Amino acid sequence: MVSNLSKLEEVNVLASEANWAWPEALRYIFRPRGVNLLVAENAAEFVHVIKSKRIHTTIVDMDSETSNGLATIKIIRMDYPLLPCILLTSRAGQSLLDEALRLDVFSVIDKPVDMCILRQQLNRLFVKKYSSSVFGEEIRS
């Protein structure tokens, strides 16, 4: 199966910075697919990057030490209401899920993140939003 990556030209995903191996784990999924990973520490950095570069989705960590995930998504939604967001959390209670639904979050994923589930959610998102299967097939490197 050939990816529709060329149709998208450059694919950029913006994720929360983390003080654990998270960015490197994402690069492991993204690099073989030609997907660029950009990271931001807080809501202001998210907005700055989104303003300066075409971003296809964001992955926001609810438990980030430098910013609140839902607050970050609210700020993103002010200027970019259609930008797909995936939320990571270690506390997926009903109130958080209700708020994520209200903010039109594409997916909420429990932490620790199962990278197979993340890839599956990214595949669903990219097929639905961009008609691209860039995350569809398993790539071994």
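Relevant structure appears above.
## Side note on helix H3 (residues 43-52)
Along an α-helix, a turn takes 3.6 residues, which lines up residues three or four apart on a common side.
Consideration 1: If you check which residues of H3 are buried, you get Ala43, Phe46, Val47, Val49 and Ile50. Buried residues along H3 cover an arc of 165° about the axis, so they all sit on one side. Away from the buried face of H3 by more than 90 degrees, exposed residues Ala44, His48, Lys51 and Ser52 are located.
Consideration 2: In this structure, the buried side of H3 is in contact with strand S1 (11-16), strand S2 (35-40), strand S3 (57-61) and helix H4 (69-79).

## Digging into the nonpolar core
Consideration 1: With 22 residues, the main nonpolar core has Trp22, Phe30, Ile59, Leu118 and Phe126 as its most contacted residues.
Consideration 2: Residue contacts for Leu118: discarding those within four places in its chain leaves Trp22, Leu26, Ile29, Ile59, Ile86, Ile109 and Val113.
Consideration 3: Ranked by size, the runner-up nonpolar core spans 19 residues in total, among them Leu14, Ala40, Met62 and Ile73.

Rules behind the numbers
- Residues numbered from 1 in each chain as written.
- Predicted model: local features only at pLDDT ≥ 70, side-chain atom pairs only at ≥ 80, totals over all residues.
- Heavy atoms only, no water.
- Buried < 20%, exposed > 50% of the residue type's maximum accessible area, 1.4 Å probe, protein only.
- Helix = DSSP H or I, 4+ residues; strand = E, 2+ residues; numbered from the N terminus.
- Arc of directions from axis to C-beta.
- Contact = heavy atoms within 4.5 Å.
- Core = buried A, V, L, I, M, F, W, Y, C linked by side-chain atoms within 4.5 Å.

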